[in-house]
Amino acid sequence: MESHTITLALGIIVAAGIGCQWISALTRIPSILLLLLVGILLGPATGLINPNAVFGNMLGPITSLSVAVILFEGGMSLRLKEVKKYGIIVNSLVTVGATACVVSTFLLLYYIVGFSFEFSLLLSAILVITGPTVVTPMLNQLHVQPRVRSILKWEGIIIDPIGAIAAVIIFEALLGIPGHATIEVVLFAVVNSVTFGVLFGVIGAFIIIFSLRKFLIPDNIQSPVTLMMMLIVYTASDVIHMDSGLISVTVMGFILGNQQKTEVHRIINFKENLTVILISFLFISLAGTIETSLLIEAMDETLVLLLFLIFIARPLTVFCSGAFWKLERNEALFMCCIAPRGIVTAAMASLFGLELARSGYPEALYLTPITFGIIIGTVIFYSFFTPLAARFLGVSSATEKKVLIVGANAFARAVGRALVNEEFEVQLIDPNYWKVAETRRYTLPVFRGTFLEYEKKFPENIEATDLVLALTENNDINSLAMIHLRRHLDDSKLYQLSASTEKIQESLMGQHLFGENSDFSSLSKLIEEGYVVKCTKLSSNFTFENWKEKHEGNGTLLFQINRNGILMPQRLENPLIPKDSGKIIYLCKDD
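From a predicted model like this one, the values you see are computed outputs, not experimental measurements.

## What about empty space enclosed by the protein?
Stage number 1. For the structure shown, the criterion picks out 2 cavities of 30 Å³ or more.
Stage number 2. In this structure, the largest cavity spans a volume of roughly 90 Å³.
Stage number 3. Surrounding the largest cavity, 13 residues form its lining, Val128, Thr130, Glu155, Arg314 and Thr317 being those nearest its centre.
Stage number 4. Listing elements by their share of the lining of the largest cavity, those giving two or more residues are α5 (80–113), α8 (146–174) and α14 (299–320).
Stage number 5. For the lining of the largest cavity, the element with the most residues is α14, which contributes 4 residues.

## Section: the pattern of salt bridges
Stage number 1. Scanning all chains against the criterion turns up 7 salt bridges.
Stage number 2. In this structure, the salt-bridge partner of glutamate 331 is arginine 147, at a minimum N-O distance of 2.6 Å. Placement of glutamate 331 in helix α16 (residues 329–335) and of arginine 147 in helix α8 is noted, with a sequence separation of 184 residues between them.
Stage number 3. The shortest N-O distance in the salt bridge between aspartate 491 and arginine 486 comes to 3.1 Å.
Stage number 4. According to the relative accessible area criterion, aspartate 491 is partly exposed, its value standing at 47%.

## Considering the sheet that holds strand β4 (residues 467–470)
Stage number 1. Across the sheet, which stays open at both edges, the 6 strands sit in the order β3-β2-β1-β4-β5-β6 with parallel pairing between neighbours. Unpaired on one side and paired on the other, β3 (446–448) and β6 (511–513) mark the two borders of the sheet. On average, each strand axis in the sheet is inclined to that of its neighbour by 25°, with strand direction left out of account.
Stage number 2. Bridging between strand β2 (residues 425–430) and β3 involves 3 bridges; their strand directions are parallel. Paired with isoleucine 429 across the strands is phenylalanine 447, a residue of β3.
Stage number 3. Packed onto the sheet, helix α19 (residues 410–421) meets β1 (402–406), β2, β4 and β5 (494–497) and runs at close to 165° relative to β2.

## Some details on the nonpolar core
Stage number 1. Leu122, Met252, Leu305, Phe334, Met335 and Phe352 are the most contacted members of the largest nonpolar core, which has 126 residues in total.
Stage number 2. Looking at which element gives the most residues to this core, the answer is α8, with 12 residues.
Stage number 3. Filtering out sequence-adjacent residues up to four positions away, leucine 305 remains in contact with Thr105, Leu108, Leu109, Leu123, Leu127, Ile370 and Ile374.
Stage number 4. Listed in part, the 33 residues of the second largest apolar core include Val403, Ile405, Leu419 and Tyr531.

## Points about helix α11 (residues 245–258)
Stage number 1. Given a rise of 1.5 Å per residue, 14 residues ought to cover 20 Å, and the 20 Å separating the end C-alpha atoms of α11 matches this to within 8%.
Stage number 2. Across the 14 residues of α11, 12 count as buried, placing the element largely inside the fold.
Stage number 3. The complete set of buried residues in α11 reads Gly245, Leu246, Ile247, Ser248, Val249, Thr250, Val251, Met252, Gly253, Leu256, Gly257 and Asn258.

## Looking at the side chain of arginine 149
Stage number 1. Inspection of the secondary structure puts arginine 149 in helix α8.
Stage number 2. Arginine 149 has contacts with Leu139, Asn140, His143, Val144, Glu463 and Ala464, leaving out every residue within four places of it along the chain.

## Points about the packing of aromatic side chains
Stage number 1. Taken as a whole and judged by the stated rule, the model has 21 aromatic pairs.
Stage number 2. Note on tyrosine 433 and tryptophan 434: the rings are 5.0 Å apart at their centroids and 85° apart in plane angle, and the pair reads as edge-to-face.
Stage number 3. A relative accessible area of 42% places tyrosine 433 in the partly exposed class.
Stage number 4. On the basis of relative accessibility, which here comes to 67%, the residue tryptophan 434 falls in the exposed class.
Stage number 5. Ring-pair connections join several aromatic residues into one group, and the members of that group are Phe106, Tyr110, Tyr111 and Phe117.
Stage number 6. Across from the ring centre of tyrosine 442, 4.3 Å away, lies the NZ or CZ of arginine 417, which sits over that ring.
Stage number 7. Arginine 441 extends its terminal NZ or CZ atom over the ring of tyrosine 442, reaching a point 5.8 Å from the ring centre.

Definitions and cut-offs
Residues numbered from 1 in each chain as written. Predicted model: local features only at pLDDT ≥ 70, side-chain atom pairs only at ≥ 80, totals over all residues. Heavy atoms only, no water. 1 Å grid on protein atoms, 1.4 Å probe; cavity = no way out; pocket = protein on both sides within 12 Å on 5 of 7 lines; lining within 4 Å. Points joined across faces, edges and corners; volume = space filled by probe spheres on them. Helix = DSSP H or I, 4+ residues; strand = E, 2+ residues; numbered from the N terminus. Salt bridge = Lys/Arg side-chain N within 4 Å of Asp/Glu carboxyl O. Buried < 20%, exposed > 50% of the residue type's maximum accessible area, 1.4 Å probe, protein only. Pairing = 2+ DSSP bridges. Axes fitted to C-alpha atoms, helices over the stretch in contact; angles between N-to-C directions. Contact = heavy atoms within 4.5 Å. Core = buried A, V, L, I, M, F, W, Y, C linked by side-chain atoms within 4.5 Å. Expected span 1.5 Å × (residues − 1). Phe/Tyr/Trp six-rings, centres within 6.5 Å; stacked < 30°, edge-to-face > 60°. Lys NZ or Arg CZ within 6 Å of the ring centre and 35° of its normal.

This is the structure:
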């Protein structure tokens, strides 16, 4: 293939992939669904791109290294404090529950669908892998409770290397490696995988931590050097023992993400951005290799398998994990309602399908089409069904309900009480003893300490936060909170009081709260003069214009709650124009 054709294909793949991610962020349509559909459209449907021709034999190695980076980033997002709370359930899910899923799926494929013993076993191992790159965004959009969110996130990331290892061992057996069909050698291979994986992961993490602590890596190349070390660890581990590299990178990421000896936020941010690019690239490329004729030919088998995985295998996995005895009944039921497959599932199927087809396994041609059909089917089903199940079971909120207020002064308390009265989940933070004591008098949830201490103690609560309001009297502290919390939350969720008396660089601040002359001193003065925070429902009989006439010169609009229950702060840059529905929260003189 000519170089300009390859360049054009690469440009289309990258542009289409990132474009799908962008559209997903704006529309909340799962990105994996858009990526798969666009990949099929650009590849087999129109022939605009042909990944096999563009990359040739390099597609497999590129896929393997990309999956390693994705699992490394996933390992960095795991928090040890979370597994201490929910470790028993997570362990059961990825061992007993996963085994139940593999066995039941195998029985279906072998005895009912009619595939061969070897193909049924391999496909069962591949399909046990859920998709954390799909599950996590879905949980974030649904505002799922922290406990369920943590369990499902841990399950998705841990099951990736476990399922991949199981699939690799079965794959080796299918290729006829001597002795690998015996139980003893399989167990020996598993032990070796875990041993070498953990060993290389620990070594890689130690080298990076030591180098960072001794300032051996300049700040501007911390992320590239870490990426280099991660690739070395993955490659070296895989060379010594073929199926241990995925464990190595997951362990390395986990150690780096949980150690407290050095700061790694630059590495985390870089890996998150790189992961988005790689996922976009892989899904477009792998979907472009699917033969639509095989996808249609295997439609009946795919549909039977899809229904089985959704309605039998997933509930069986959760039941066997003991979740119904260790969690609230509604939480366990919700866990039965979410298990989409993702990038690692697709990558494993693509890698193995090609190799097995070359080795003379006729059924291998159906491995990739069936797997991609399952991915598309599970993503579509869970995208529509999971939100309904979450709301019906009461494990999430359809709107932004969790509000973190930095500061517990009189104005912050007044805002907190108004939001609590409107059924928002409010958490105040302040290191001052007297402010905390006064806040507790109003039975408001308050944490005594800084936002850094709160993050360290309750990281899962930070990730589940929908809005942050920095309302302290210190503009520098407000800005520092915004800068720090950008590691966890989008800028669209971060707000702070206007620093009208100081000149602080805009890039170091959150969105400016409220209107002109609404800095801390002005608002505090109004509270001292007897102003209160109230909430009023708007309607055709009492519009926003009516409210302005009634409170002319005596009312400061703070928030709008629209008809869907979404909290929208008043912003200096883009003032609210409330509709004749929903509610408004404002500061006015007490009647």
